[in-house]
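# Overview (structure and organization)
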Amino acid sequence: MVRPWSVPSTSPLACNEALRGQTRSEMTGYQAQFEPAMRAALAEASAAGDDVPVGAVVLDGSGAIIGRGRNQREATADPAAHAEIVAIRGAGAQVGNWRLEDCTLVATLEPCTMCAGALLAARMRRLVFGADDPRAGAAGSVWDVLHDPRLGPPVEVLGGILADECAAVLTEFFEGRRQGGTQ
Ligand SMILES: [Zn+2]
């Protein structure tokens, strides 16, 4: 079985709205400014242990990291413990406010419907993500929750940031599990 995130970044499936028609070398300076935050999210993903390696951070209006999360579903037996949810909860606790209006969610994988919904619930204005998720992505791949006018003003969505590295972490994880005979 081919995992969705093993789709080459040149595939039409892997193109997202923000980067459609662009190659990596055409990444703009605006997009590139989020690479350090994406590396922090990648570090979270890499520390996910037995969980599927997805990581996320939340940036405040100045770009400082105020929340970090990694997928912890297995570790905590919590079906809602996706990296994005953990990071958003951490950010709310950090600032003492559920409203994260000037904040940016940075995630290594395109968020699912639950996490996109949490971003909206926190009134966040921007999503930055790495690899597309053609199986369950809610930021343009399967659904486009963040651009649905029924849910409020559109959120800025930037996909494809360090996409190859974000996808590689997932691909290596699943290849390792297959080789380990645990799947
Ligand atoms: Zn999710």
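Placed above this text is the structure.
What this report covers is the structure whose coordinates are included nearby. (Residues numbered from 1 in each chain as written. Predicted model: local features only at pLDDT ≥ 70, side-chain atom pairs only at ≥ 80, totals over all residues.)

### Re the pairing of strand 3 (residues 104-109)
- Burial analysis of strand 3 places six of its six residues in the buried class, the great majority of the element.
- Pairing of strand 1 (residues 55-59) with strand 3, which is carried by four bridges, proceeds in the antiparallel orientation. Note on strand 3: the bridge partner recorded for V58 is L105.
- Bridge analysis of strand 3 against strand 4 (residues 126-131) gives five bridges, and the strand direction is parallel. (Buried ≥ 20, exposed ≤ 12 C-beta atoms within 10 Å, placed from the backbone. Helix = DSSP H or I, 4+ residues; strand = E, 2+ residues; numbered from the N terminus. Pairing = 2+ DSSP bridges.)

### Structural notes on the packing of helix 2 (residues 35-46) against helix 6 (residues 163-180)
- Helix 6 packs onto helix 2 with a crossing angle of 0 degrees between their chain directions and a minimal axis gap of 11 Å. In terms of axis orientation, helix 2 runs roughly parallel to helix 6. Between helix 2 and helix 6, the residues in contact are L42, A45 and S46 and E165, C166 and V169, respectively.
- Partitioning the contact of helix 2 with helix 6 into residue classes produces four nonpolar, one polar and one charged. (Axes fitted to C-alpha atoms, helices over the stretch in contact; angles between N-to-C directions. Parallel < 35°, antiparallel > 145°, perpendicular 65-115°, else oblique. Contact = placed C-beta atoms within 7 Å. Nonpolar A, V, L, I, M, F, W, Y, C, P; charged D, E, K, R; others polar.)

### Remarks on the pairing of strand 2 (residues 65-70)
- Across five bridges, the pairing between strand 1 and strand 2 is antiparallel. When the sheet's bridge partners are listed, G55 is paired in strand 2 with R70.
- In textbook terms, the turn of a hairpin is the stretch between consecutive antiparallel strands, and for strand 1 and strand 2 this stretch comprises five residues, one of which, G63, has a positive phi near 95 degrees.

### Quick word on helix 5 (residues 113-121)
- Residues of helix 5 that are buried: C115, A116, A118 and L119. With its buried residues spanning 155 degrees around the axis, helix 5 presents them on a single face.
- Buried residues belonging to helix 5 abut helix 4 (83-95), strand 3 and strand 4.
- Of the residues trailing helix 5, R123 is marked for its positive phi of about 60 degrees. (Arc of directions from axis to C-beta.)

### Here we look at the nonpolar core
- Grouped together as the largest cluster of nonpolar side chains are 50 residues, with contacts concentrated most on L105 and V106.
- Broken down by secondary-structure element, the contributors of at least two residues to this core are helix 2, strand 1, helix 4, strand 3, helix 5, strand 4, strand 5 (156-158) and helix 6.
- Every residue in contact with V106, bar those within four places of it in the chain, is listed here: F34, A37, M38, A41, A56, V57, L59 and V128. (Core = buried A, V, L, I, M, F, W, Y, C linked by C-beta atoms within 7 Å.)

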